[in-house]
Amino acid sequence: MIENLGKPIIIAGPCAAESMQQIEASIREVKAREIPIMRASIVKPRTENSWDGIGVEEGIPLLKRIKEAGLIPATEVLDIDEAKKVIDGVLGQDDGNIMLWIGARNQNHRFQRNLGRLATEDNRLIVGAKNQIWSGEAERHFKGIISHICDGGGLERSRLIMIHRGFCDRNTNGYRNTPDYDLALKIKDDEGVIMLLDPSHIGGTIEKVIEVTREGMTFERQGVIFDGLMIEIHPDRNAAKTDIKQQLTWREYDEHIEPIVKGGTIYETKSAAD
Ligand code: PEP
Ligand code: MN
């Protein structure tokens, strides 16, 4: 099923699911561009005590609507009970897929193993994981996430989507979270996982998100490149409840991002997931 997501793999949509109207507007844009997976997170870990997402109860109908529109819904979940509730609520006994990811600031080995196990038992589930926020012993911790999900949870490495979102404690060169493209691609190569780039959380501002997409999606490490993008796009940016500075409009996506991922790049000559 991961083989059918296209090359490069694009996951796009708002940072947070906010309302049915916002979801409907996003579905139209995502479908028009034949993007397979729509992100719209129903839980939002926050730095300060503030709105932390629409939640599981109200969020499930929104994710279900994405699924009924023929797209794969994708959300962060905070623990294994939440993961099970969301899968039951959105998919029930139906065919179809859902992507659940573990966020950068919520890496713990029990959850990693349990989510890996859940996906091993239910192949409708696509598991994603961000890298950890801290850069100390970056390679060990980044690979440790993979080890817990795959060795601990039993998931095949080729089914795991890792997402590079930069490191929070470097904050250099104007990045919100400083990337290490070389390390992320080394890990892809060493481990055989799928590696996406998250230019939204690395960039932090519109200009920088565009720059990071260009920089990261043309970065090559010994012939290894990123498999695709997870990017935040809001249908009505000024009304966004989270990450307002970094969410693109669909017009910005068409103008700046699509040409990088679709035309005249290494993706034309190289098969990203090989
Ligand atoms: C997100 O993808 O919206 C998010 C909260 O990202 P991260 O876990 O990388 O901070
Ligand atoms: Mn976000």
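The text that follows walks through the structure, step by step, so that each part is easy to find. In this text the structure is predicted, and so the values were computed from the model without any measurement.

With that settled, consider the overall build of the protein. Across its full length, the protein carries nine helices and eight strands. Taken over the C-alpha trace, the protein has a radius of gyration of 17 Å; the compact-globule value for 274 residues is 19 Å, and the two agree within 12%. Summarising its shape, the C-alpha atoms of the protein cover approximately 45 × 40 × 40 Å along the three principal directions. Looking at the 274 residues of the protein, the share that counts as buried comes to 58%. Of the charged side chains in the protein, 36 are positive and 44 negative; the average position of the first set lies 1 Å away from that of the second.

So, about the nonpolar core. Counting 72 residues, the largest nonpolar core has V86, L115, L125, I149, L160, M162 and Y253 as its most contacted members. For this core, the element with the most residues is helix α5 (residues 138–152), which contributes six residues. Ignoring anything within four residues of it in the chain, the contact list for L115 reads I80, A83, L100, I102, L125 and V127. By size, the runner-up hydrophobic cluster in this structure holds 15 residues, among which are I9, I11, I126 and I163.

The next point concerns the coordination of the manganese ion (ligand 2). With distances of 2.1 to 2.5 Å, the protein atoms coordinating the manganese ion (ligand 2) are C15 (SG), H201 (NE2), E232 (OE) and D243 (OD). We classify C15 as buried; its relative accessible area is 1%.

Of note, the amide linkage connecting K7 to P8 takes the cis form, showing an omega dihedral of -10 degrees. With respect to the helices and strands, P8 occurs in the segment before β1 (9–13). Positive phi, normally seen in glycine, also occurs at D243, with a value near 45 degrees. As for its placement among the helices and strands, D243 is situated in the loop between β8 (228–232) and α9 (250–262). Its relative accessible area of 21% is what places D243 among the partly exposed residues.

Before going further, it helps to examine the sheet that holds β1. Spatially, the eight strands close up into a barrel ordered β1-β2-β3-β4-β5-β6-β7-β8, and their pairing is parallel. Here the average twist between neighbouring strands, direction ignored, is 25 degrees. Relative to strand β7 (residues 194–197), strand β6 (residues 160–164) runs parallel, the two being bridged by four bridges. Residue pairing for β7: M162 is matched across the bridge by M195. Relative to the sheet, helix α2 (residues 55–68) contacts β2 (37–39) and β3 (72–76), its axis offset from that of β3 by approximately 150 degrees.

A separate point is the state of the cysteines. Between two cysteines, a covalent bond joining their sulfur atoms is known as a disulfide. All told, the structure shown has zero disulfides when counted by the stated rule. A disulfide-free cysteine, C168 has its sulfur positioned 15 Å from the sulfur of C15, the nearest such atom.

What counts, and where the lines are drawn
Residues numbered from 1 in each chain as written. Chains lettered and ligands numbered in written order. Predicted model: local features only at pLDDT ≥ 70, side-chain atom pairs only at ≥ 80, totals over all residues. Heavy atoms only, no water. Helix = DSSP H or I, 4+ residues; strand = E, 2+ residues; numbered from the N terminus. Rg over C-alpha atoms; globule rule 2.2 N^0.38 Å. Buried < 20%, exposed > 50% of the residue type's maximum accessible area, 1.4 Å probe, protein only. Lys, Arg positive; Asp, Glu negative; His and termini not counted. Charge placed at Lys NZ, Arg CZ, Asp CG, Glu CD. Core = buried A, V, L, I, M, F, W, Y, C linked by side-chain atoms within 4.5 Å. Contact = heavy atoms within 4.5 Å. Donors = N, O, S within 2.8 Å, 3.2 Å for Na, K, Ca; no water. Pairing = 2+ DSSP bridges. Axes fitted to C-alpha atoms, helices over the stretch in contact; angles between N-to-C directions. Disulfide = S-S within 2.5 Å.

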